[in-house]
Amino acid sequence: MMSQLSEWFWQERLWFPEGLGWADLEDRDGRVYAKGRDLWVALPIALLFLIIRQIFERTVATPLASLLGVKETARLKAPHNPTLESYYCKINKNPTQNSVANLCKQTGCSERQVQRWFRRRRNQDRPSLLKKFREASWRFTFYLLAFIAGLAALIDKPWLYDLKEMWEGFPVLTLLPSQYWYYMIELGFYSSLLFSVASDVKRKDFKEQIVHHVATILLISFSWCVNYIRAGTLIMLVHDSSDYLLESAKMFNYAGWRNACNYIFIVFAAIFIVTRLVIFPFRIIYCTWVYPVTIYEPFFGYYFFNGLLMILQCLHIFWAILIIRIAVRFLTNNEKVDDERSDKDETDESEEEEEEDCRKEMKKNGPVQNGHAVHNNNHSKTE
């Protein structure tokens, strides 16, 4: 069954122009071509990236955070309360007003105390600045090195300057060692991001990030299998050209370097808009969507490849709206650049107000149910 499905899926008429097929990509006369089985190399590379990342974050990112003055926000712990904890974990992290009233009756706490407890409990689950900084520094390092490596691999290639050259001789295009490693490392990195998505900082565009990673992995894998490698290298270079600037802006933001963050973000926004909203759709997609039909009849692989590119373009537009909104707010009001995708800590009362409230509630209500005090001021602040 699986062999029949595989045979149907990889039939030549789906993935190649008429008259061409897999036989044209067999190694001969010293010429080497991409093979689908080569993609398995990306799995150990992805695992290696996960290991290197752990080492990097501990030995490089953490000392760098200290050097740049990354300061953790002091967070007060929510007092231990089994009833509220059970509701938080099993029902809802943001209780309605009616739910708060019911919880007050169950615990003997005041409404203000219940709301404060949930506010602090939500803050406890939010990632620390150090975690955010370490993730950003890891991605910054990779994107910067990947951009430099990609530029070095393509700087002497004619299709970097004349995009129509990417189809010259297609699909019989010899695989170069630089292309092989560029592809495998990029595929391994995005696979590692997909593997670590559960433990990474979750932002408001979490679902869009998943779609982006999956579409990127499919695009890289497919373009490799059917020898769209020249187009693939250009697409990866365009994407890497701005990502490292965004990650560096995040790093300075977490470190409290406001001016550096703001101006790097403006440079990033300009490059992002030029590369993702101008070069990508009007140059690259033009040469993968419009130009190819002048040299061969459209086929399924042509539509599949361009469909993935359009998914990426839709994500580019979505992120561009967020980026432009932040940039306009900064340029017009000189406000601090903040990542709108990240959840921010909810504000809490000061310790003095906390202690005063505690004394009042203790006099009024006495001990709460479940054997716990109404409020425990001995809980220490955490990073």
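Above this text sits the structure in question.
Residues numbered from 1 in each chain as written. Predicted model: local features only at pLDDT ≥ 70, side-chain atom pairs only at ≥ 80, totals over all residues. Heavy atoms only, no water.

Caption draft 1: Local environment of a nonpolar patch on the surface. A cluster of nonpolar residues, Tyr286, Trp289, Val290, Tyr303 and Met310, forms a patch on the protein surface that exposes about 480 Å² of accessible area. Elements represented by at least two residues in the nonpolar patch include exactly helix 11 (258-289) and helix 12 (300-333). With respect to the secondary-structure elements, Tyr286 resides in helix 11. (Patch = residues over 30% accessible without salt bridge, like charges linked within 9 Å, V, L, I, M, F, W, Y side chains within 5 Å. Areas by Shrake-Rupley, 256 points an atom, 1.4 Å probe, with all protein chains shown as cover. Salt bridge = Lys/Arg side-chain N within 4 Å of Asp/Glu carboxyl O. Helix = DSSP H or I, 4+ residues; strand = E, 2+ residues; numbered from the N terminus.)

Caption draft 2: How the structure looks around unusual backbone geometry. One non-glycine residue, Asn227, lies in positive phi territory at about 65°. Following the sequence through the fold, Asn227 ends up in the loop between helix 9 (206-225) and helix 10 (229-255).

Caption draft 3: View of the side chain of Lys35. By secondary structure assignment, the location of Lys35 is in the loop between helix 2 (12-15) and helix 3 (42-68). In contact with Lys35, not counting residues within four places along its chain, are Leu25, Asp27 and Trp224. (Contact = heavy atoms within 4.5 Å.)

Caption draft 4: Main features of helix 4 (residues 82-90). Buried within helix 4 we find Thr83, Leu84, Tyr87 and Tyr88. Down the axis of helix 4, the buried side of the element spans an arc of 130°, and every buried residue falls inside it. Among the exposed residues of helix 4, those oriented more than 90 degrees off its buried face are Cys89 and Lys90. Looking at the buried side of helix 4, the elements it contacts are helix 5 (97-107) and helix 6 (111-125). With a side-chain oxygen positioned 3.1 Å from the backbone nitrogen of Thr83, the residue opening helix 4 is Asn81. (Buried < 20%, exposed > 50% of the residue type's maximum accessible area, 1.4 Å probe, protein only. Arc of directions from axis to C-beta. Polar contact = N/O pair within 3.5 Å; in protein donor to acceptor, adjacent residues only side chain to side chain.)

Caption draft 5: Quick peek at the packing of aromatic side chains. Overall, the coordinates contain 33 aromatic pairs when judged by the stated rule. Seen in terms of ring centroids, Trp15 and Phe222 are 5.0 Å apart; in terms of plane orientation they differ by 55°. Their pairing is tilted. You can see Trp15 sitting in helix 2 and its partner Phe222 sitting in helix 9, a full 207 residues away along the chain. A single burial state applies to Trp15 and to Phe222, both of which are buried. Judged by centre distance (6.3 Å) and plane angle (40°), the rings of Tyr88 and Phe118 are tilted. On the criterion of sequence distance, the pair formed by Tyr88 in helix 4 and Phe118 in helix 6 is long-range, its members being 30 residues apart. Phe118 shares its class with Tyr88; the two are buried. Counting every residue linked through ring pairs, the aromatic cluster contains Trp15, Trp167, Phe222, Tyr228, Phe300, Phe304 and Phe305. (Phe/Tyr/Trp six-rings, centres within 6.5 Å; stacked < 30°, edge-to-face > 60°.)

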